[in-house]
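Observations on chain architecture
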Protein chains: 2
Amino acid sequence: MSISSLASVEPVVPKAPAANQFEGGCVFIDGAYAPLSEAKISMFDWGFTRSDVTYDVATTWHGSFFRLDAHIERFFVSLKKMNLAIQYDRDALRDILHGCVRASGLQDGYVAMVCTRGVPPKGARDPRQAQNRFYAYALPYMWIASREKQLAGIDLHISERQRISPASVDPTIKNYHWMDLVQSMFDAYENGHDTSCVVDADGNITEGPGFNVFAVKDGVVYTADRGVLEGISRRTAIELCGSLGIPLRVAPMPVAALRDADEVFITSSGGGVLPIAKIDGKPLPRFPQQFPGPITTRLYDGYWAMHDDPAFSDPVDYRA
Amino acid sequence: MSISSLASVEPVVPKAPAANQFEGGCVFIDGAYAPLSEAKISMFDWGFTRSDVTYDVATTWHGSFFRLDAHIERFFVSLKKMNLAIQYDRDALRDILHGCVRASGLQDGYVAMVCTRGVPPKGARDPRQAQNRFYAYALPYMWIASREKQLAGIDLHISERQRISPASVDPTIKNYHWMDLVQSMFDAYENGHDTSCVVDADGNITEGPGFNVFAVKDGVVYTADRGVLEGISRRTAIELCGSLGIPLRVAPMPVAALRDADEVFITSSGGGVLPIAKIDGKPLPRFPQQFPGPITTRLYDGYWAMHDDPAFSDPVDYRA
């Protein structure tokens, strides 16, 4: 048994903070709620110096969490794959995330849970010797692109840069290894595009910074089967295809298939289903006359309709 | 011109701190020297949440920096490749690093310089919109393995995990993308080995967590030519081969070549030239009778002898 796994023996249930105690944003750090100004980690935490960290991000919309259980479940899977452990069980974690939102007073929130390897004992190099650290925070909801930008038409750059291979880093563990994505963003912005996605070694589309990528061709929806984060918003779009009777293929997606698509959209907790208007500056067939396309529109509407379904909704208690 | 590059217009020369002001360790943060307890970064800095950061580590030994110019030069090359900028020029950076050591009073020191992308403006996603942040610190010298462990015999695990490919992250930029290396360390420790190295997609040896790998066979020294950090200690070993007349091949190094080697050593600022005794538990030919091997010993001695050469040495002023 590793030292870090000992931390999970006794679940702790933290007390709920006062409503609006840290209005506009709240962090949970060292076992207590605090203002965002205290959201700092040690410069020596391996979570920074080795990016030895996993995280997840849930959202609240109009005062309720969306698919919170799915985010918590994925976070615990990521922890296990990383040999990380937190001192909270699923219920306590849920309480902490609710507490962050309650204290922030945010109706529409970006709610992160983070676990770092921790600060090593003096001179240590063995990751098993660090005490893992847990953080959570609530910030205002963040859009991958604003609604105005979505309607004006997001221009997606397809980078030749390769996403870090699953042979190196398991992409199903939500991670901060983003140098490849950041460099692709520089390429995109310097050339006037709005965002970017990267490929794998075989030239198939993988993902972009914080989102999965979907193509629609002749009424069929396509998305990558491997080398990508299994996004909760991606899962939502996949499930919506099932419930709406839209044919779906989850398989390797060549760059050419994306360039030749009838519709393209991306999925992210930062906006749900977001229509793409242009690929590397070239408008998709329906832009701007029939934009967003019909299937993107159905999935977009379906995504937001699910927010009203009690099965996926977890209301926050904001009462004083 | 990006916002971040504006930061480099006016070089600032910070004042030297008092000698021993922060005995045992010192950080330079927000333009001032401070105790290690203040060595914290924002949880929202993209240097953490995207591992969008580069760094370098120099060392002091017996009161002098070793090859400080080479570390500073590599750091500036990494900054440029990353589209990062700091508000200090090379001379000011040198002064800051000397200041950290002077304030810490450390004769044998681990001296880091770090630049993060910075905290984004509210809701921003464009890396050009962040103001880059610079940090430096001095800690006690850190060994990859203690001298006792080196002589007892370091056991190196060859992992099947792949180092992040140069097609994703340029390995000549010193970076914190270590999830692959950390997972290989878990494999090593769980199986009783002391450390690990990882391979590339073609099955060639790349590097380990914080070190380059060398093999010696029939009097010839081998090390990887690609997919690795171009370590300053690696360079020192390469240059020593030249000056000592030891044949050297810098080329892809198959796993089999390492397993079949007469001698193996690793190079790191955390100990210079460190002899390896065993590969995955199997002793190398000369262990323990003639260990370290003759070429490793010559390079080991040469490495430390260079510390007395004024051409590579930069003494710290510790006077009050």
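A quick note: this is a predicted structure, and the numbers were derived from the prediction, not measured. (Residues numbered from 1 in each chain as written. Chains lettered and ligands numbered in written order. Predicted model: local features only at pLDDT ≥ 70, side-chain atom pairs only at ≥ 80, totals over all residues. Heavy atoms only, no water.)

A closer look at the interface of chain A and chain B
Here is the rule we go by: We call two residues in contact whenever any of their non-hydrogen atoms come within 4.5 Å of each other. When two components associate, each loses some accessible surface as probed by a 1.4 Å sphere; the sum of these losses over both components is called the buried area. Counted as salt bridges are all cases of a side-chain nitrogen of Lys or Arg within 4 Å of a carboxyl oxygen of Asp or Glu. Only DSSP runs of H or I reaching four residues or more are called helices, and only runs of E reaching two or more are called strands; each is numbered from the N terminus. The nonpolar class holds Ala, Val, Leu, Ile, Met, Phe, Trp, Tyr, Cys and Pro. Asp, Glu, Lys and Arg form the charged class, and all remaining residues, Gly among them, are polar.
Opposite the 56 residues of chain A that make contact, chain B presents 56 residues. When chain A packs against chain B, the two sides together hide about 5000 Å² of surface, and 68% of this comes from carbon and sulfur. Taken as a group, Met-43, Arg-125 and Met-179 of chain A account for 17% of the area that chain A buries against chain B, more than any other trio of residues on that side. Remark: the boundary between chain A and chain B carries two salt bridges. Glu-190 of chain B serves as the salt-bridge partner of Arg-128 of chain A, at 3.8 Å between the closest nitrogen and oxygen. Ranked by residues supplied to the side of chain A that touches chain B, first place goes to helix H6 (residues 179-190) of chain A with eight residues. Here the residues of the side of chain A that touches chain B sort into 30 nonpolar, 13 polar and 13 charged.

Points about the packing of aromatic side chains
The condition that has to hold: Here the aromatic set is Phe, Tyr and Trp, taking the six-membered ring for Trp, and pairing holds for ring centres within 6.5 Å; pairs whose planes are under 30 degrees apart are stacked, those over 60 apart are edge-to-face, and all others are tilted. Exposure is judged per residue with a 1.4 Å probe applied to protein chains only, and the accessible area is read against the type maximum: over 50% gives exposed, under 20% gives buried, and values in between give partly exposed.
Enumeration over the complete set of coordinates arrives at 38 aromatic pairs over all chains. When the centroid spacing of 5.9 Å and the interplanar angle of 90° are considered together, the rings of Trp-61 of chain B and Trp-143 of chain B count as edge-to-face. With Trp-61 of chain B in strand E4 (residues 53-61) and Trp-143 of chain B in the loop between strand E7 (133-140) and helix H5 (147-152), this pair connects stretches of sequence that are 82 residues apart. Of the residues examined, Trp-143 of chain B reaches a relative accessible area of 22% and is grouped as partly exposed. Counting every residue linked through ring pairs, the aromatic cluster contains Trp-61, Phe-66, Tyr-141, Trp-143, Tyr-303, Trp-304 and Phe-312 of chain A.

Focus on the packing of helix H3 (residues 68-82) of chain A against helix H4 (residues 90-104) of chain A
Residue and element names in this part refer to chain A. Put simply, the rule reads: Helix axes use the C-alpha atoms of the stretch in contact, all axes being lines fitted to C-alpha atoms, and the angles between their N-to-C directions lie in the range 0 to 180 degrees. Orientation is classified from the angle alone, with under 35 degrees giving roughly parallel, over 145 giving roughly antiparallel, 65 to 115 giving roughly perpendicular, and any other angle giving oblique. In this scheme the handedness of a crossing depends on how the near helix is turned from the far one: anticlockwise by less than a right angle means left-handed, clockwise means right-handed.
Where H3 contacts H4, the two axes come as close as 11 Å, and the packing angle between them is 120°. It follows that H3 is oblique to H4 by the angle criterion. Crossing of H3 over H4 shows right-handed handedness. Facing Leu-68, Ile-72, Glu-73, Phe-75 and Phe-76 of H3, the residues of H4 in contact are Arg-90, Leu-93, Arg-94, Leu-97 and His-98. Residues of the contact of H3 with H4, tallied by class, amount to six nonpolar, one polar and three charged.

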